[in-house]
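What follows is each chain in one-letter form.
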Amino acid sequence: MILPFGNESFDAALNRNHNDNVQISFEEPIGTEGRGGYFDSSASYLGKVNINPAYGAFQAYYEAVLLPAESPATIAWIGSFQLFFLFSMSIMVSPLIDKGYFRLGFNGGCFLMLVSILSTSWCHKFWELLFVQVILTGIGMGMAFGSGILVLQSYFTSHLGIAAGLTSAGGSVGT
């Protein structure tokens with residue numbers, strides 16, 4: 001693989017001083033129906049589920065500022081139960097997705113996550129954070145995550161493993 005940075009042959013083509021403007025045109029006569037599931041699924045990974053890997057930042061803030069009297073092990077229960085709800089809700093949302101209610105599951109999960117992040121700012125006690133981040137965030141993430149995983153199966157039949165792998169690999173981009 002040749003990187004364009006520092007490569008003299010690509011310098012003139014990629015340098016902003018040598019280009020007046022860049023126009024990107026994309027026309028596809030067959031549409032994006034076959035890839036719609038991949039785009040929907042990627043959105044769930046890139047933007048929504050990545051609250052959970054960032055829980056360490058939440059825990060550090062809770063330990064230092066919000067809940068200094070609580071032990072780190074007690075605060076860690078919030079993230080642990082949040083993960084439990086993420087995966088258990090994925091199982092529960094499966095029948096909705098099978099019946100064609102992808103948008104209900106995905107948009108409902110995104111809405112719950114938005115409400116939970118806003119509600120976290122009003123929390124000052126352990127039990128409040130436990131409710132908001134475990135119940136609202138965990139259920140919201142599970143709905144969005146489960147919808148994203150399950151929709152792949154309806155759009156990809158021959159290369160499902162590749163599609164799932166690419167979608168999973170995109171999860172680290174949003175973190």
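Residues numbered from 1 in each chain as written. Predicted model: local features only at pLDDT ≥ 70, side-chain atom pairs only at ≥ 80, totals over all residues. Heavy atoms only, no water.

- An unreviewed UniProt entry annotates the chain as Glucose-6-phosphate dehydrogenase C-terminal domain-containing protein of Letharia lupina.
- Under the UniProt heading Pathway (unreviewed entry), the note attached to the chain is "Carbohydrate degradation; pentose phosphate pathway; D-ribulose 5-phosphate from D-glucose 6-phosphate (oxidative stage): step 1/3." (UniProt positions renumbered as here; feature names shortened; annotations may be inferred.)

## Observations regarding the overall build of the chain
Turning to step 1, where the next piece is worked out: In terms of helices and strands, the chain carries 7 helices and 0 strands.
Turning to step 2, where the next piece is worked out: Counting from the amino terminus, the chain carries its helices and strands in the arrangement α-α-α-α-α-α-α.
Turning to step 3, where the next piece is worked out: Evaluated residue by residue, the chain yields a buried proportion of 35% over its 175 residues.
Turning to step 4, where the next piece is worked out: The long-range fraction of contacts in the chain, counting pairs at least 24 apart against all pairs at least 6 apart in sequence, stands at 76%. (Helix = DSSP H or I, 4+ residues; strand = E, 2+ residues; numbered from the N terminus. Buried < 20%, exposed > 50% of the residue type's maximum accessible area, 1.4 Å probe, protein only. Contact = heavy atoms within 4.5 Å.)

## Focus on the UniProt feature "transmembrane region" (unreviewed entry) in the chain
Turning to step 1, where the next piece is worked out: The UniProt record marks residues 75–97, 104–124 and 130–152 with the feature "transmembrane region" (unreviewed entry), using the residue numbering of this structure.
Turning to step 2, where the next piece is worked out: Within residues 75–97, the helical portion is 100% and the strand portion 0%, while the C-alpha atoms at the span's ends are 33 Å from each other.
Turning to step 3, where the next piece is worked out: Here residues 104–124 runs as 81% helix and 0% strand, with 31 Å between its end C-alpha atoms.

## Description of the side chain of Gln59
Turning to step 1, where the next piece is worked out: Within the fold, Gln59 resides in helix H3 (residues 55–66).
Turning to step 2, where the next piece is worked out: Not counting the four nearest positions on each side in its chain, Gln59 is found in contact with Pro72, Ile75 and Ala76.

## Considering the confidence of the model for the chain
Turning to step 1, where the next piece is worked out: Per-residue pLDDT for the chain has a mean of 75; in total, 66% of the residues score no lower than 70.
Turning to step 2, where the next piece is worked out: When pLDDT is averaged over each helix and strand of the chain, the minimum, 48, is found for helix H2 (residues 36–48) and the maximum, 88, for helix H5 (residues 102–120).
Turning to step 3, where the next piece is worked out: Below pLDDT 50 for its whole length, residues 44–49 participates in 22 contacts with residues either more than four positions away or in separate chains. (pLDDT = per-residue confidence, 0-100.)

## Thoughts on the packing of aromatic side chains
Turning to step 1, where the next piece is worked out: Throughout the structure, instances matching the rule amount to 6 aromatic pairs.
Turning to step 2, where the next piece is worked out: Measuring from ring centre to ring centre gives 6.2 Å for Phe58 and Tyr62, while their planes differ by 45 degrees; the resulting arrangement is tilted. Taken together, the residues span about one helical turn, with Phe58 and Tyr62 both in helix H3 at a distance of 4 residues.
Turning to step 3, where the next piece is worked out: Phe58 gets classed as partly exposed once you look at its relative accessible area, which sits at 23%.
Turning to step 4, where the next piece is worked out: Using a relative accessible area of 1% as the deciding quantity, one classes Tyr62 as buried.
Turning to step 5, where the next piece is worked out: Measuring from centroid to centroid gives 5.5 Å for Phe84 and Phe85, while their planes differ by 80 degrees, and the two rings are edge-to-face.
Turning to step 6, where the next piece is worked out: Among the aromatic residues, those joined into a cluster by ring pairs are Phe58, Tyr61 and Tyr62. (Phe/Tyr/Trp six-rings, centres within 6.5 Å; stacked < 30°, edge-to-face > 60°.)

## A word on the nonpolar core
Turning to step 1, where the next piece is worked out: With 12 residues, the main nonpolar core is built from Leu86, Val93, Ile97, Phe102, Phe106, Cys110, Met113, Met141, Ala144, Phe145, Leu150 and Val151.
Turning to step 2, where the next piece is worked out: Within the residue set of this core, elements represented by two or more residues are helix H4 (72–98), H5 and helix H6 (126–155).
Turning to step 3, where the next piece is worked out: Once residues within four sequence positions are removed from consideration, Leu150 is found in contact with Ser90, Ser94 and Ile97.
Turning to step 4, where the next piece is worked out: Membership of the second largest hydrophobic core comes to 11 residues, among which are Tyr62, Leu66, Ile75 and Val132. (Core = buried A, V, L, I, M, F, W, Y, C linked by side-chain atoms within 4.5 Å.)

## Section: H3
Turning to step 1, where the next piece is worked out: Within H3, burial applies to Tyr55, Gln59, Tyr62 and Leu66. Seen end-on, H3 carries its buried residues on one side only, within an arc spanning 105 degrees. Turned more than 90 degrees away from the buried face of H3 sit Ala57 and Ala64, all of them exposed.
Turning to step 2, where the next piece is worked out: Elements in contact with the buried residues of H3: H4, H5 and H6. (Arc of directions from axis to C-beta.)

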